[in-house]
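Analysis of the macromolecular model
Below, each chain spelled out in residue letters.
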Amino acid sequence: MTAHRTPTLVIPMPSRESARLKAIRLLIEGRLRVRLVHRHRVHVEVRGDSGRVHNVMFTNGEWHCSCEARRPGCAHQLATWLVIASENP
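Before going into details, it helps to say that this report is about the structure given with it. (Residues numbered from 1 in each chain as written. Predicted model: local features only at pLDDT ≥ 70, side-chain atom pairs only at ≥ 80, totals over all residues. Heavy atoms only, no water.)

**Notes on the pattern of salt bridges**
Basically, it comes down to this: The salt bridge definition used is simple: a Lys or Arg side-chain nitrogen within 4 Å of an Asp or Glu carboxyl oxygen. Counting from the N terminus, the helices are the DSSP runs of H or I reaching at least four residues and the strands are the DSSP runs of E reaching at least two. Exposed residues in this analysis have more than 50% of their type's maximum accessible area, buried residues have under 20%, and partly exposed residues fall in between, with area computed by a 1.4 Å probe over protein chains only.
The full count for this structure, using the stated rule, is eight salt bridges. Arg-35 is the salt-bridge partner of Glu-45, the closest N and O atoms lying 3.9 Å from each other. Here Glu-45, found in strand S2 (residues 41-47), pairs with Arg-35, found in strand S1 (residues 32-38); they are 10 residues apart in sequence, far enough to count as distant. Here Arg-35 falls in the partly exposed class, since its relative accessible area comes to 43%. Three or more residues are tied together by salt bridges with common partners; here these are Glu-17, Lys-22, Arg-25, Glu-29, Arg-31 and Asp-49.

Structure follows, in structure tokens:
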């Protein structure tokens, strides 16, 4: 007698979530807290997946994020840009 095997469906998944998709997920999950939007200054707190709060700021014409990536276009900055763009048509 042979054992019956249940067929398994394998769906390839990306090994890592893109910064853009993570930014959208952060928005959907309500992880952004806008602290300040005034003229040429922005301050947003973003709760990351680890639970740590990252500060995203725009001052003196430059964007900064306190996360470990420390590069322009991290998911925290992208999520902030999505919010700021929707607030300023």
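There is more to say after this.
**A short note on the packing of aromatic side chains**
Our working rule: Any Phe, Tyr or Trp ring, taking Trp's six-membered ring, that has another such ring centre within 6.5 Å forms a pair; planes under 30 degrees apart are called stacked, those over 60 apart edge-to-face, and the others tilted.
For the coordinates displayed, the defined rule picks out two aromatic pairs. Ring centres of Phe-58 and Trp-63 lie 4.9 Å apart, and the angle between their planes is 45°; this geometry places the pair in the tilted category. Judged by relative accessible area, which is 19%, Phe-58 ranks as buried. Classification of Trp-63 by relative accessible area gives partly exposed; the value is 27%. Taking the centre distance of 5.7 Å and the plane angle of 75° together, the rings of Trp-63 and Trp-81 count as edge-to-face. With Trp-63 in strand S4 (residues 62-65) and Trp-81 in helix H2 (residues 75-87), this pair connects stretches of sequence that are 18 residues apart. By the ring-pair criterion, three or more aromatic residues cluster together here, those being Phe-58, Trp-63 and Trp-81.

**A short note on the pairing of S4**
The cut-off we apply is this: By the convention used here, strands pair only if DSSP detects at least 2 bridges between them.
As defined by bridge partners, strand S3 (residues 53-59) adjoins S4 across four bridges and the pair is classed as antiparallel. Bridging from a neighbouring strand, Val-56 pairs with Cys-65 of S4. As consecutive antiparallel partners, S3 and S4 are separated by two residues, and within that stretch Asn-60 has a phi angle of approximately 50°, a positive value.

**A word on the environment of Gly-48**
Rules: In what follows, a contact means two residues having at least one pair of non-hydrogen atoms within 4.5 Å.
Considering the arrangement of structural elements, one finds Gly-48 in the loop between S2 and S3. Separated by 17 residues in the primary sequence, Gly-48 and Arg-31 have C-alpha atoms spaced 7.5 Å apart. Setting aside residues up to four positions removed in sequence, Gly-48 forms contacts with Arg-31, His-54 and His-76.

**A word on the environment of Met-57**
On the secondary structure map, Met-57 appears in strand S3. Considering only alpha carbons, one finds Met-57 and Leu-36, 21 residues apart in sequence, at a separation of 9.1 Å. Leave out the neighbours within four places in its chain, and Met-57 touches Val-42, His-43, Glu-62, Trp-63 and His-64.

Coordinates in, geometry out; function isn't part of it.
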